Amino acid sequence: MKPYFLPLLLPLSYTALANNQNNDSIETITTTASRVEALSTPLPLSISTLSEAQLKSIAPTHIEEALQRVAGANIQRGNGQEYLPALRSQVLSGAGACGGILTLEDGIPLRAAGFCNINELFEAHSEMAQRIEVLKGPGSALYGSNAVHGVINVITPDTTQGGGLVGIDYGSYGYTRYKLRAGQDYGNSGIGINASVTDNSGYRDDESVEQQKVNIRHRYSNNNLLLTSGLTYTNLDQQTAGFITGFESYKNEDLSQKNFDPDAFRKARAFRAWSNATWQLNNDDVLSTTLYFRDQSMDFFKHFLPGTPLEKNSQTGFGVQSLYQHNLQSNVKVNLGLDGEYTQADFTQSQNEPTQGSAFLVATVPQGKHYDYDYDVNATLYAPFASIDWQLNKWLLTAGVRYEHMQYDYTNNMLAGRTKDDGTECGFGGCRYSRPESGKNSFSNLSPKLGVSYQYNTNNTLYANFSRGYRAPQAAELYQLQREQTTANLSAEIANNAELGIKGIYEKLRYGVSLYAMSKHNTIYRDSDFFTVNNGSSRHRGIELELDYQLTQSLALNFAGTHAKHTYTNNQILNGLNINGNDIDTAPRNIANLDLTWQALNNAQFALQWHRVGNYYTDPENLNKYQGHDVLSLRAQWQVTNNLEVLARIINLTNEAYAERADYTSFTGDRYFPGRPRNAMLSATYTW
């Protein structure tokens, strides 16, 4: 076994650890970069990790609270468990924008490649994860479509080694979470469970979250074979509060609590089962194969669209991930693999209530029990890949390539075109929604990767990588058309990325610095004529800094900061203005998070957190802006006994009025998801 993992971003308990352990002996292990355990420092990649100790000290109610500590990440919460993600990018939104970031649990994609959901991380058990690893940029041949800006991998604990815990989190506004972890070790086998139940009545009117998550894991080993199997089941029942509107309306305490969409809800169920077999072969070669099965469904009111239609979608599928690592020579390793999956998906969107608004909206989004869309898609994906790692003294050279082919077989279950479901026409030239004819679409992409690192001393490494990322169009972009568009002639989005970095340990400082430059082409978006088109482009430049510094024997500082500029590079006229050269909307240039930790006693620790989100434009024309915000939080941990730990935290200590998300549309003007005022949580955990 390799030594126990400790992250690049050290846990808050590191102050105590540092008294007993020299920095030089701490190794950082990653599985996301290579599918098997490997030291992260020599790799020519940028990887951030949140450890179990960090996650336990944060006790996040939402994954956004954890990912604040990752430079380059910017998760904007909506209501309940909803969010919009950013990773070395603007905050992503739109039908297929979720394809820009690949999300995994235990290395398995949460959704099939063509059927992502912008909120899909709520289907991972991040609340009770062993760790969360974030791979930034398209730097690995292991990942293809959707890994344009990077990968977020939630890794669940190995409960088959015995031990366990019970715990409760109790917080403001009716928040309660119960936690259970238990396992039994039988030597060459073991079994365990990891579960949580959340009930949150919420800060805003008529909002609530009820969520249940469970992981079950089994382990069996025999000679050179390790067989690990698991399943995850999640269930979400959420009453959703939507945007509030009006310039800086989030500063109005009464208005920020109101819910103008009391009928909005989201119900989502997800089941995943997997089994991994890893063989240790001769000459230290490794063969790893993972089989998995997914079944998911979701119903929700689209409270952000005219008429608030009801969407129902589901997907069922299975897949395989394989990897063969062969030591060609003592300093040359070859990696070969084949990934594939098959998915059956269906989608309906219907509206039962009258549309509110202008005569145009009422006519083009008609009332009555009808369907806007009703279709099925069968999707097949296969992707062979190969890479080589060549160690030459202090130099490590990695090169790889991945080929991926995706095919959709689409069946429209309604009349094609933009009529009502009975074939009658809508006023003002036709209905809002347009249904393409049944057909097939396929996409093939090749993505090369090249990286080099130089270990200039024992603990410090310089690296560079050059890579291409891509994502095939999502099914929603191809088949959920509007207005006069009858077909979407789309190709894959392409991203060319270059990165330089340095990482390591210097005396009492653990650090990572990375500079990246990415250019995206064939960006998919919906234009001013409501056509889904493929001619967008953008430029992304940034510098990221992560460090953990031991100020004194009892004080430690943890920092994650980003300065980045994300700009449009395509010509597009909006409201008479060409947006070429403008900042992409919802893309703050500066984001920072600082934790100052004081080890007051051997068994007591306090931490003050400052989280900064800089100002950003809320529209592509750069005419409207959100001023940004600073939020302070305070945490305290007390190890009462060897088995019992108590955690308290106060979030938004100064009761700052701020917006989790700010946006602007020509229909609504300024709109916001308000942040919560000062709130607190008390947690108790008993382990054995």
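Residues numbered from 1 in each chain as written. Predicted model: local features only at pLDDT ≥ 70, side-chain atom pairs only at ≥ 80, totals over all residues. Heavy atoms only, no water.

Caption draft 1: Focus on the confidence of the model for the chain. On average, the chain scores 91 in pLDDT, and the residues at 70 or more come to 95%. With pLDDT under 50 throughout, residues 1–25 is counted as low confidence; its partners more than four residues away or in other chains account for 73 contacts. (pLDDT = per-residue confidence, 0-100. Contact = heavy atoms within 4.5 Å.)

Caption draft 2: Spatial organisation of the sheet that holds strand β38 (residues 659–665). Sheet architecture is open: three strands sit in the order β15-β39-β38, paired in antiparallel fashion. The open sheet has two edge strands with one neighbour each: β15 (244–245) and β38. Bridging between β15 and strand β39 (residues 669–674) involves two bridges; their strand directions are antiparallel. Bridge pairing links threonine 245 to arginine 671 in β39. (Pairing = 2+ DSSP bridges. Helix = DSSP H or I, 4+ residues; strand = E, 2+ residues; numbered from the N terminus.)

Caption draft 3: Inspection of empty space enclosed by the protein at higher detail. For the coordinates displayed, the defined rule picks out eleven cavities of 30 Å³ or more. As a volume, the largest cavity reaches approximately 740 Å³. Glu64, Glu65, Arg77, Tyr658 and Glu660 are, among the 44 residues lining the largest cavity, the residues nearest its centre. Broken down by secondary-structure element, the contributors of at least two residues to the lining of the largest cavity are α3 (63–67), β4 (76–77), β12 (189–200), β33 (604–613), β36 (629–639), β37 (644–651), β39 and β40 (679–687). In terms of residue count, β36 provides more of the lining of the largest cavity than any other element does, four residues in total. (1 Å grid on protein atoms, 1.4 Å probe; cavity = no way out; pocket = protein on both sides within 12 Å on 5 of 7 lines; lining within 4 Å. Points joined across faces, edges and corners; volume = space filled by probe spheres on them.)

Caption draft 4: Structural view of the pattern of salt bridges. Per the stated rule, a full pass over the model turns up 34 salt bridges. A salt bridge links glutamate 82 to arginine 266; the nearest nitrogen and oxygen atoms lie 2.8 Å apart. Of this pair, glutamate 82 sits in the loop between β4 and β5 (83–84) while arginine 266 sits in strand β16 (residues 265–280), placing them 184 residues apart in sequence. The exposure class of glutamate 82 is buried, given its relative accessible area of 9%. Residue classification places arginine 266 among the buried positions, given a relative accessible area of 3%. The salt bridge involving arginine 294 is made with glutamate 341; its shortest N-O contact spans 2.9 Å. Of this pair, arginine 294 sits in strand β17 (residues 286–301) while glutamate 341 sits in strand β19 (residues 332–351), and the two are 47 residues apart along the sequence. Each member of the pair, arginine 294 as well as glutamate 341, carries the same accessibility label: buried. Bridged by salt links that share partners, the residues Arg88, Lys136, Glu499, Glu544 and Glu546 form one connected network. (Salt bridge = Lys/Arg side-chain N within 4 Å of Asp/Glu carboxyl O. Buried < 20%, exposed > 50% of the residue type's maximum accessible area, 1.4 Å probe, protein only.)

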